[in-house]
Amino acid sequence: MREQKQDYEQFMGNAVKSWEEYYESMSKNCPLTIYYPICGGGEECITACPYGEKIWTVVPMKVSLFGFNEKTRLRPIMTHSELCKGCNICVDACPTGALRPREKPVRHPILTLIYNTLRLPFKGKYGIKFVFREEHAEKFRKNNGVD
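Overview of the structure. Note that the structure is predicted; figures quoted are calculated from it, not measured.

## Notes on the nonpolar core
Next, step 1: One finds Met 26, Ile 34, Tyr 36, Trp 56 and Leu 99 to be the most contacted residues of the largest nonpolar core, which totals 28 residues.
Next, step 2: Elements with a minimum of two residues in this core: α2 (19–29), β2 (32–34), α3 (44–48), β3 (56–65), β4 (68–78) and α5 (89–93).
Next, step 3: Of all the elements, β3 adds the most residues to this core, at five residues.
Next, step 4: Setting aside residues up to four positions removed in sequence, Leu 99 forms contacts with Leu 32, Thr 33, Ile 34, Cys 45, Trp 56, Cys 90, Val 91 and Cys 94.

Right, here's the structure in full:
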């Protein structure tokens, strides 16, 4: 955990920043981007990634869900993009569709969320077993401040 905090401080500094700053930084420096207003914060991307915690860090940022109820939430960022192999397993694991290749950004957030929500039951059917795990539900509650 201490290493994650150091990575975060090197990546963005000490202050809690808005999700837009992280999005812009990832758009410039990483092969993937996360559209944070539809990111649930369950960390499925980190769990699915073969390099997980070597590439990803969870940091506090100011984010609102569709423009409502902005507060500081924990969300993943890619701090060591040079280690990414481009397999996109993390993209497939994202239940909301917030995580995308940089060249295919989210254009219609509500439609993206609806489409990916409808696909969720089929992910388990096709062997993507990191979806619907209790650990992700716990991380979602923790990262969104839900008790």
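## Some details on a nonpolar patch on the surface
Next, step 1: Among the surface-exposed residues, Ile 110, Leu 111, Ile 114 and Leu 118 lie close enough to one another that they form a single nonpolar patch of about 430 Å² accessible area.
Next, step 2: Mapped onto the elements of the fold, Ile 114 is located in helix α6 (residues 109–125).

## Details of the pattern of salt bridges
Next, step 1: Tallying each qualifying case throughout the model produces one salt bridge.
Next, step 2: Taking the shortest distance from any N to any O, the salt bridge between Lys 139 and Glu 43 comes out at 3.7 Å. Residue Lys 139 is found in helix α7 (residues 134–143), and its partner Glu 43 is found in the loop between β2 and α3; the two are separated by 96 residues along the sequence.
Next, step 3: When its relative accessible area of 11% is taken as the criterion, Glu 43 is described as buried.

## Points about the packing of aromatic side chains
Next, step 1: Enumeration over the complete set of coordinates arrives at three aromatic pairs.
Next, step 2: With a centroid separation of 5.2 Å and an interplanar angle of 75°, the aromatic rings of Trp 19 and Tyr 35 are classed as edge-to-face. Placement of Trp 19 in helix α2 and of Tyr 35 in the loop between β2 and α3 is noted, with a sequence separation of 16 residues between them. Each member of the pair, Trp 19 together with Tyr 35, is buried.
Next, step 3: Within the aromatic cluster, the residues linked to one another by ring pairs are Trp 19, Tyr 23 and Tyr 35.
Next, step 4: Between Lys 85 and the ring centre of Tyr 51, over which it is positioned, the NZ or CZ distance is 5.7 Å.

Rules and cut-offs
Residues numbered from 1 in each chain as written. Predicted model: local features only at pLDDT ≥ 70, side-chain atom pairs only at ≥ 80, totals over all residues. Heavy atoms only, no water. Core = buried A, V, L, I, M, F, W, Y, C linked by side-chain atoms within 4.5 Å. Buried < 20%, exposed > 50% of the residue type's maximum accessible area, 1.4 Å probe, protein only. Helix = DSSP H or I, 4+ residues; strand = E, 2+ residues; numbered from the N terminus. Contact = heavy atoms within 4.5 Å. Patch = residues over 30% accessible without salt bridge, like charges linked within 9 Å, V, L, I, M, F, W, Y side chains within 5 Å. Areas by Shrake-Rupley, 256 points an atom, 1.4 Å probe, with all protein chains shown as cover. Salt bridge = Lys/Arg side-chain N within 4 Å of Asp/Glu carboxyl O. Phe/Tyr/Trp six-rings, centres within 6.5 Å; stacked < 30°, edge-to-face > 60°. Lys NZ or Arg CZ within 6 Å of the ring centre and 35° of its normal.

Any functional reading would require information that these geometric values do not contain.
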